[in-house]
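Residue-level listing of the chains:
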Amino acid sequence: MGSDEVVKKVLKDAEYRADLVPDWQAAIYQESIARLTQLKGTFKYIVTSTILESVGAGVHISSTSLWDAESDGSAVYRFENKTLIAFVYAFGLAV
């Protein structure tokens, strides 16, 4: 999928601003879904993200799913700079 490439493209020079988070998320979602739909196979895709201001506190994010491990999958990417932390999850579910 290249989640790392998508997130770096959108956030590489970003400084955290709460008012810009929805725009960053929309750009990440659009580019991620565009890349995922180019893959072979018939899948439904889900992309989620969390973007937080980096203030020195710890953060733990997790997810769980019940699915067919033979045909479904997921990927997570973490991005961090001096002012923000971002997590992007992508899920592909066979139809």
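Residues numbered from 1 in each chain as written. Predicted model: local features only at pLDDT ≥ 70, side-chain atom pairs only at ≥ 80, totals over all residues. Heavy atoms only, no water.

Draft legend 1. Region of the structure containing the overall build of the protein. Helix and strand counts for the protein come out as two helices and three strands. Seen in sequence order, the protein has helices and strands lined up from the N terminus as α-α-β-β-β. Across the 95 residues in the protein, those meeting the buried criterion constitute 27%. In the protein, the proportion of contacts linking residues at least 24 apart, taken out of those at least 6 apart, comes to 65%. Surface accessibility of the protein: about 6,200 Å² in total, with carbon and sulfur atoms responsible for 51%. When the 9 positive and 12 negative side-chain charges of the protein are each reduced to one mean point, those points stand 5 Å apart. (Helix = DSSP H or I, 4+ residues; strand = E, 2+ residues; numbered from the N terminus. Buried < 20%, exposed > 50% of the residue type's maximum accessible area, 1.4 Å probe, protein only. Contact = heavy atoms within 4.5 Å. Areas by Shrake-Rupley, 256 points an atom, 1.4 Å probe, with all protein chains shown as cover. Lys, Arg positive; Asp, Glu negative; His and termini not counted. Charge placed at Lys NZ, Arg CZ, Asp CG, Glu CD.)

Draft legend 2. Just the sheet that holds strand β1 (residues 43-53), in detail. The strand order across the open sheet formed by three strands is β1-β3-β2, and the pairing between neighbours is antiparallel. At either end of the open sheet lies a strand with only one pairing partner, and these are β1 and β2 (73-80). Neighbour to neighbour, the strand axes of the sheet diverge by 10° on average, direction disregarded. In this sheet, strand β3 (residues 84-94) lies alongside β1 in antiparallel orientation, the contact comprising eleven bridges. Residue pairing across strands places Lys44 opposite Leu93, the latter belonging to β3. Most of the contacts of helix α1 (residues 3-11) go to β2, to which it runs at about 35°, and overall it touches β1, β2 and β3. The sheet strands contacting helix α2 (residues 21-36) are β1 and β3, and the helix crosses β1 at an angle near 155°. (Pairing = 2+ DSSP bridges. Axes fitted to C-alpha atoms, helices over the stretch in contact; angles between N-to-C directions.)

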